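Chain residues, written in single-letter form:
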Amino acid sequence: MDGGSTPRQQSYGHLLSICLLLLVTFTLPEPWNNFSSLGYLLLALVMIRGLGNPTGSLQFGTVPRRLFKGLGVAAIAVGVLWYVTPLELRSTGIPVIALWALFSGWSAIRLIRGLAQERRVSDVVLRGALAGYLMLGLAAGLLCCALETIDPASFSNVNLSAQDLGQSSPVWGLNFVRLNYFAFVSLTTMGYGDVTPQTPQAQMASVAIAIAGTFYVAAVMGVLISRLTVQESQQP
């Protein structure tokens, strides 16, 4: 079973493509890396469409589906509001943290449940597993960025090169590449030490990101190992 033959499997490929595209935009020089703002909106839309609809035996339930989609739309709305507001209105980052944390966590759970419905381990399933991990890392990066705008100097050695734009400048003018890098370092529990959390809020956020990454890997590995075991037992 390959090639994204079901809507759920097609969503794996779409989600992975958007995540990789977002990572590529972070490597672009300024101001082109600001296109990552649009990438996050596309990511949220793909998450709503790919993880919010019933596929086969995976129904989720009508009310949970509507709540999930509503949460995704709210996350997009507050994300847009946060990006376009000036830096002096730092409190706009608070709903971004709350809604995106819930939305990305719920998305990861739904993705894991979707992977568990697959009957065999294939490249499609592996793409879905990788897409979920990248999705968590990018969502964690967004949360760190919002936290930094709420409380500047939450992280050391961030070097937001556009901070000299002034308090009336919009949030999207800041360079958040370093914070996204830190989010993935925390997610993988590598801890290079070049960027460190300085405030209690940032430290607890880093702990939460590390726990989320460890939990995701453990859950996905459990699903993949169980499927491989079934495949081997069915072989003549």
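Residues numbered from 1 in each chain as written. Predicted model: local features only at pLDDT ≥ 70, side-chain atom pairs only at ≥ 80, totals over all residues. Heavy atoms only, no water.

Here we look at the overall build of the protein chain
What the protein chain contains, in helices and strands, is seven helices and zero strands. Secondary structure elements of the protein chain, listed N to C terminal, follow the sequence α-α-α-α-α-α-α. Expressed as a percentage of the 236 residues in the protein chain, the buried residues total 48%. (Helix = DSSP H or I, 4+ residues; strand = E, 2+ residues; numbered from the N terminus. Buried < 20%, exposed > 50% of the residue type's maximum accessible area, 1.4 Å probe, protein only.)

Things to note about the environment of Gly13
Within the secondary structure, Gly13 is located in helix H1 (residues 7–26). Taking the relative accessible area as the measure of exposure, Gly13 reaches 18% and is therefore buried.

Points about the packing of aromatic side chains
Evaluated as defined, the whole model comprises nine aromatic pairs. Relative to Tyr216, the ring of Tyr133 has its centre 6.1 Å away and its plane inclined at 35°; by these criteria the two rings are tilted. Remark: Tyr216 occurs in helix H7 (residues 200–234) and Tyr133 occurs in helix H5 (residues 123–150); sequence separation between them is 83 residues. Note on accessibility: Tyr133 and Tyr216 belong to one class, buried. (Phe/Tyr/Trp six-rings, centres within 6.5 Å; stacked < 30°, edge-to-face > 60°.)

What to know about the packing of helix H2 (residues 36–51) against H5
Viewed as axis vectors pointing N to C, H2 and H5 meet at an angle of 130°, and their least axial separation amounts to 12 Å. Here H2 is positioned oblique relative to H5, judged by the angle of their axes. The crossing of H2 and H5 is left-handed. Residue-level inspection shows Tyr40, Leu43 and Met47 of H2 in contact with H5, the latter providing Met135, Leu138, Gly141 and Leu142. Partitioning the contact of H2 with H5 into residue classes produces six nonpolar, one polar and no charged. (Axes fitted to C-alpha atoms, helices over the stretch in contact; angles between N-to-C directions. Parallel < 35°, antiparallel > 145°, perpendicular 65-115°, else oblique. Left-handed = near helix turned anticlockwise from the far one by under 90°. Contact = heavy atoms within 4.5 Å. Nonpolar A, V, L, I, M, F, W, Y, C, P; charged D, E, K, R; others polar.)

Quick word on the pattern of salt bridges
Scanning the entire structure with this criterion turns up one salt bridge. When the shortest N-O distance is used, the salt bridge between Asp123 and Arg127 registers 3.3 Å. Within this pair, Asp123 and its partner Arg127 are both found in helix H5, separated by four residues, close to a single helical turn. What makes Asp123 partly exposed here is its relative accessible area of 33%. What makes Arg127 partly exposed here is its relative accessible area of 28%. (Salt bridge = Lys/Arg side-chain N within 4 Å of Asp/Glu carboxyl O.)

Examining unusual backbone geometry
Not every positive phi belongs to a glycine, and Ala153 is a case in point at roughly 70°. Even without being a glycine, Asn157 presents a positive backbone phi close to 55°. Relative to the helices and strands, Asn157 is located in the loop between H5 and helix H6 (177–187).

Digging into the confidence of the model for the protein chain
Low pLDDT marks stretches whose predicted atomic positions should not be read closely. When the pLDDT values of the protein chain are averaged, the result is 85; 88% of them are 70 or greater. Put simply, H7 is where the protein chain has its lowest mean pLDDT, 87, and H6 is where it has its highest, 93. (pLDDT = per-residue confidence, 0-100.)

Some remarks on a nonpolar patch on the surface
A surface patch of nonpolar side chains, about 420 Å² in accessible area, is lined by Leu28, Trp32, Phe35 and Leu38. Mapped onto the secondary structure, Leu38 falls in helix H2. Look at Leu38 and you get partly exposed, because its relative accessible area is 49%. (Patch = residues over 30% accessible without salt bridge, like charges linked within 9 Å, V, L, I, M, F, W, Y side chains within 5 Å. Areas by Shrake-Rupley, 256 points an atom, 1.4 Å probe, with all protein chains shown as cover.)

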